Amino acid sequence: MIDSKVSHCKTLEEFYKSIREQQEEAYGKHYCDQHDIIQRLMKEEGVNRYKELGVHQGATAANACLLNPKKVELIDITLEKYNRSKHLFEEYCDKNNVELSVKEVDSSASKSKGQCDLLVIDSLHKPEHLIKELNVHADWTSRYIVVHDTSRRFGRPCDALYQTLVRFCNQINSWEISEHNTKSVGVTVIKKQL
């Protein structure tokens, strides 16, 4: 993934607009489809606690913060790239009463778990890591899990993460595939059956 140039940004809104434009310019207009999916799902009644595994610079996290949920929790093994712009997140969340929690920890470790309504996974992109994350976080997620990069990796077709989600849903009957977008790198949504 590219490192977008965002040091010029003065607000979270400006940061999000700039980073999304740069990512779509580099990877195509459907690369950020997960942002639109998150926006749609976060508008649902009762979906107001957002959690993200794999933050990088914070493009998807900024998208979520700008929706003004009650809580945003960000988890990554290293926050070096996010930390360059973290002041924009903190300022926005303070001003808009969004509880922001940021943890530098392995996303498959039990100390990374916590309650959320919508979980976004965009971390290591390996089936064995994804299944660990699902086993740690699924019981703590009340509605949706959104997984990025489920159709392509490094410019080649690769549905290994999607197949991992299918197997997980087949084994854990409380979860089902609700959306599978194969444009660009792909994004898949699984939904907890209520």
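Residues numbered from 1 in each chain as written. Predicted model: local features only at pLDDT ≥ 70, side-chain atom pairs only at ≥ 80, totals over all residues. Heavy atoms only, no water.

Q: For the pairing of strand β5 (residues 141-148), give the residues involved together with the corresponding values.
A: Burial of β5 is extensive: 7 of the 8 residues sit out of reach of the surface. Sheet topology note: the strand β4 (residues 116-121)/β5 ladder contains 5 bridges and is parallel. Counterpart to Leu119 in the pairing with β5 is Ile145. For the crossover that starts at β4, traverses helix α6 (residues 127-137) and ends in the parallel β5, the hand is right-handed. Judged from the 5 bridges that link them, β5 and strand β9 (residues 187-192) form a sheet pairing that is antiparallel. Looking across to β9, one finds that Tyr144 is bridged to Lys191. (Buried < 20%, exposed > 50% of the residue type's maximum accessible area, 1.4 Å probe, protein only. Helix = DSSP H or I, 4+ residues; strand = E, 2+ residues; numbered from the N terminus. Pairing = 2+ DSSP bridges. Right-handed = clockwise from strand over helix to strand, strands pointing away.)

Q: Lay out the pairing of β4 in plain terms, naming residues and giving numbers.
A: With 6 of 6 residues buried, β4 lies mostly within the body of the structure. When strand β1 (residues 49-53) meets β4, the two strands line up parallel, connected through 4 bridges. The partner of Tyr50 across the bridge, within β4, is Leu118.

Q: Quick rundown of the nonpolar core? Include the residues and the values.
A: Judged by nonpolar contacts, the single largest core of 33 residues is most densely connected at Leu12, Phe15, Tyr50, Phe89 and Leu118. Of all the secondary-structure elements, those providing two or more residues to this core are α1 (12-27), α2 (33-42), α3 (59-65), β2 (71-76), α5 (86-95), β4, β5 and β9. For this core, the element with the highest residue contribution is α3, accounting for 5 residues. Look past the residues within four positions of Tyr50 in its chain and what remains in contact with it is Ile38, Met42, Thr60, Ala61, Ala64, Lys71, Val72, Glu73, Leu74, Leu118 and Val120. Residues Leu119, Ile145, Leu161 and Leu165 belong to the second largest nonpolar core, which totals 17 residues. (Core = buried A, V, L, I, M, F, W, Y, C linked by side-chain atoms within 4.5 Å. Contact = heavy atoms within 4.5 Å.)

Q: Report on unusual backbone geometry, specifying residues and quantitative values.
A: For His56, which is not glycine, the phi torsion reads 55° and is therefore positive. Locating His56 in the fold gives a position in the loop between β1 and α3. His56 sits in the partly exposed class, given a relative accessible area of 23%. Backbone geometry places Asn97, a non-glycine residue, at a positive phi of 55°. Assignment of secondary structure puts Asn97 in the loop between α5 and β3 (99-104). Residue class for Asn97 comes out exposed when judged on its relative accessible area of 69%.

Q: Requested: an account of the layout of surface pockets, with residues and values cited.
A: To find leftover empty space, a probe the size of one water molecule is rolled over the atoms. Reported here for the largest pocket is a volume of approximately 780 Å³. Forming the walls of the largest pocket are 37 residues, and the residues nearest its centre are Met1, His56, Asp122, Ser123 and His125. Of all the secondary structure elements, the ones that give two or more residues to the lining of the largest pocket are α1, α2, α3, β2, α4 (80-83) and β6 (152-153). (1 Å grid on protein atoms, 1.4 Å probe; cavity = no way out; pocket = protein on both sides within 12 Å on 5 of 7 lines; lining within 4 Å. Points joined across faces, edges and corners; volume = space filled by probe spheres on them.)

Q: Break down α1 for me, citing the residues and quoting the values.
A: Its 16 residues place the ends of α1 22 Å apart at the C-alpha level, agreeing with the 22 Å of an ideal helix rising 1.5 Å per residue. For α1, the complete set of buried residues consists of Leu12, Phe15, Tyr16, Ser18, Ile19, Arg20 and Gln23. Those residues of α1 that are buried lie in contact with α2, α3 and α5. (Expected span 1.5 Å × (residues − 1).)

So yeah, pure geometry; function would need other evidence.
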